[in-house]
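Residue-level structure breakdown
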Amino acid sequence: MSEALQELIGIAGRHARGRRTRTAIPRVSIGRSEVTSAPLPGVWGSGILFVLQGAKTVLIGDQALRYNPASYFIYTVETPTISQIVEANAARPYLAIGLTLDLQAVAALLVEHEPALGGDSFSTSPVNDDLLDALRRMMRLLDRPAEIPVLAAMLEREMLFRLLQGPQGGKLRQLARADGHLFRIGQAIAWIRTHCHQTIRVADLAEIAHMSNAAFYRHFKAATAMSPIQYQKQIRLLEARHLLVAKPGNVAQVAFAVGYESASQFSREYARQFGSPPGRDAARLLAAGEMAVEVI
């Protein structure tokens, strides 16, 4: 283990408070767990997850990611996921750092730097020495909070620069540029999230993204590992699970509230997604005090 990684693990461990801790550094959070977890559905927004210690798997559509220590992945659009901590214990807890993307900062860097092409593949990347050092210097600010207002933005800029130079840099460029396909797919996804209860047509989404139907479908699948209809269904089911736990009640009412026309179809798809029928799943979550949906 490198000295930089060892120091980062120490900093994250000292400042973590529970499963997820929002730090005093803007857009930076720490994840920690001393135990492995069951698969947990959620929605991950645009950002980077760095795993320092332990291991985690994330299922996105039909694609599976595995985070080993000192690896990262850039999430470019709001993505339904199923995540699971697979290596963690009291002696060596799972530790990770999350950074929400500041697209304006990325766009400013693009004026001065053109990253490599590519970066649509679903795979984690190792954190190289330069990126690890920049992340370490940023996290050191947690022990010197008076310096955060002055230095945090500078160190975040350096981290984004290192990420743009890395194997996933092309994704950042496409996301930050208004003419990039990821930026335009993000606009269509925002529309789906707002109108997920309605019937959607790929042609309408392609028009929002200013793409042909074929190009839109191809780029959407590359960004999310699922079709637009599959994406909408997962968003509906995640919202339904949240409603069932937050306001326990009639399953049929929840089904209609999230856009289903058939309560029986809703129950079938819900059980297929979460492993048990809606009422039983909600009762289990409430009894165990577990989260229904993880939002990263």
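Residues numbered from 1 in each chain as written. Predicted model: local features only at pLDDT ≥ 70, side-chain atom pairs only at ≥ 80, totals over all residues. Heavy atoms only, no water.

By the naming in an unreviewed UniProt entry, the chain is AraC family transcriptional regulator, taken from Mesorhizobium waimense.

**Concerning the UniProt feature "domain: HTH araC/xylS-type" (unreviewed entry) in the chain**
In this structure's numbering, the residues bearing the UniProt feature "domain: HTH araC/xylS-type" (unreviewed entry) are residues 186–284. As annotated, residues 186–284 comprises 74% helix and 0% strand, and the C-alpha atoms at either end are separated by 34 Å. (UniProt positions renumbered as here; feature names shortened; annotations may be inferred. Helix = DSSP H or I, 4+ residues; strand = E, 2+ residues; numbered from the N terminus.)

**A word on the packing of aromatic side chains**
In this description, an aromatic ring pair is defined by two values, namely the gap between the centres and the angle between the planes. One pass over the structure, following the stated rule, counts nine aromatic pairs. With 4.7 Å between their ring centres and 40 degrees between their planes, W44 and Y75 make a pair best called tilted. Highlighted residues: W44 in strand β3 (residues 40–44) and Y75 in strand β7 (residues 71–75), separated in sequence by 31 residues. As far as burial versus exposure is concerned, W44 and Y75 are alike and both buried. Both rings, one in F50 and one in Y72, keep their centres 5.8 Å apart while their planes meet at 35 degrees; by these two values the pair is tilted. Here the residue F50 occupies a position in strand β4 (residues 47–53), and Y72 occupies one in strand β7, the gap between them amounting to 22 residues. Look at Y72 and you get buried, because its relative accessible area is 2%. Through successive ring pairs, a cluster of aromatic residues spans W44, F73, Y75 and F122. Directly above the ring of Y260 sits R236, whose terminal nitrogen or CZ lies 5.7 Å from the centroid. Taking the ring centre of F274 as reference, the NZ or CZ of R241 above it sits at 4.6 Å. (Phe/Tyr/Trp six-rings, centres within 6.5 Å; stacked < 30°, edge-to-face > 60°. Buried < 20%, exposed > 50% of the residue type's maximum accessible area, 1.4 Å probe, protein only. Lys NZ or Arg CZ within 6 Å of the ring centre and 35° of its normal.)

**Examining the pattern of salt bridges**
Applying the stated criterion across every chain yields a total of 17 salt bridges. Here R136 ties to D133 by a salt bridge, and the two come within 3.0 Å at their closest N and O atoms. Here R136 and its partner D133 are both found in helix α3 (residues 129–139), three residues apart, which amounts to about one turn of the helix. Using a relative accessible area of 12% as the deciding quantity, one classes R136 as buried. Since its relative accessible area comes to 26%, D133 is described here as partly exposed. One salt bridge in this structure joins D133 and R137, with 3.0 Å as the shortest N-O distance. Of this pair, D133 and R137 both sit in helix α3, four residues apart, roughly one helical turn. Looking at R137, the relative accessible area reads 24%, which means it is partly exposed. Where salt bridges share partners, they join E7, D130, D133, R136, R137, R140, E158 and R162 into one cluster. (Salt bridge = Lys/Arg side-chain N within 4 Å of Asp/Glu carboxyl O.)

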